[in-house]
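Spelled out from the first residue to the last, the chains are:
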Amino acid sequence: MIRTLSGFYDSYRMTEKTLNLRGLKCPLPALRTRKALSQAQPGDIFIVECTDPLTAIDIPNLLNQTGDELEDTRKDNKLLTFRVRKT
């Protein structure tokens, strides 16, 4: 017999949020990303959009400190996009 935990998956829903940090200069993108991650639940995903080229260094360093996961990084012209999962 298989029992299901009714409502178990309904009680927690993973969210995906976009952080539009375009135009912000160092250290603001990393600080705002840190704040968003500190308020998130495990499994939440953030799409972090930045135009400051230093975020290519700052965001991965931040995630090394917090232990959260960098799933993907993309660069499109001047836009850097990071996909971050809260662990």
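Remember, predicted model here, so these are calculated numbers, not experimental data.

Participant: Any details on the environment of Phe46? Residues and values, ideally.
Facilitator: Residue placement: Phe46 occurs in strand S2 (residues 45-50). Setting aside residues no more than four positions away along its own chain, Phe46 makes contact with Lys17, Leu19, Ala36, Leu37, Ala40, Phe82, Arg83 and Val84.

Participant: Can you explain the sheet that holds strand S1 (residues 16-21)? Please cite residues and give values.
Facilitator: Here we have 4 strands laid out as an open sheet, ordered S1-S2-S4-S3, and mixed in their pairing. Two strands close off the open sheet at either side, each with one partner strand: S1 and strand S3 (69-76). Here the average twist between neighbouring strands, direction ignored, is 15°. Taken together, the 6 bridges between S2 and strand S4 (residues 79-85) define a ladder with antiparallel strand orientation. Each residue of the ladder has a partner; that of Glu49, found in S4, is Thr81. Across the sheet, helix H2 (residues 55-66) touches S2, S3 and S4, and the angle it forms with S4 is around 10°.

Conventions used here
Residues numbered from 1 in each chain as written. Predicted model: local features only at pLDDT ≥ 70, side-chain atom pairs only at ≥ 80, totals over all residues. Heavy atoms only, no water. Helix = DSSP H or I, 4+ residues; strand = E, 2+ residues; numbered from the N terminus. Contact = heavy atoms within 4.5 Å. Pairing = 2+ DSSP bridges. Axes fitted to C-alpha atoms, helices over the stretch in contact; angles between N-to-C directions.

None of this, on its own, says anything about what the molecule does.
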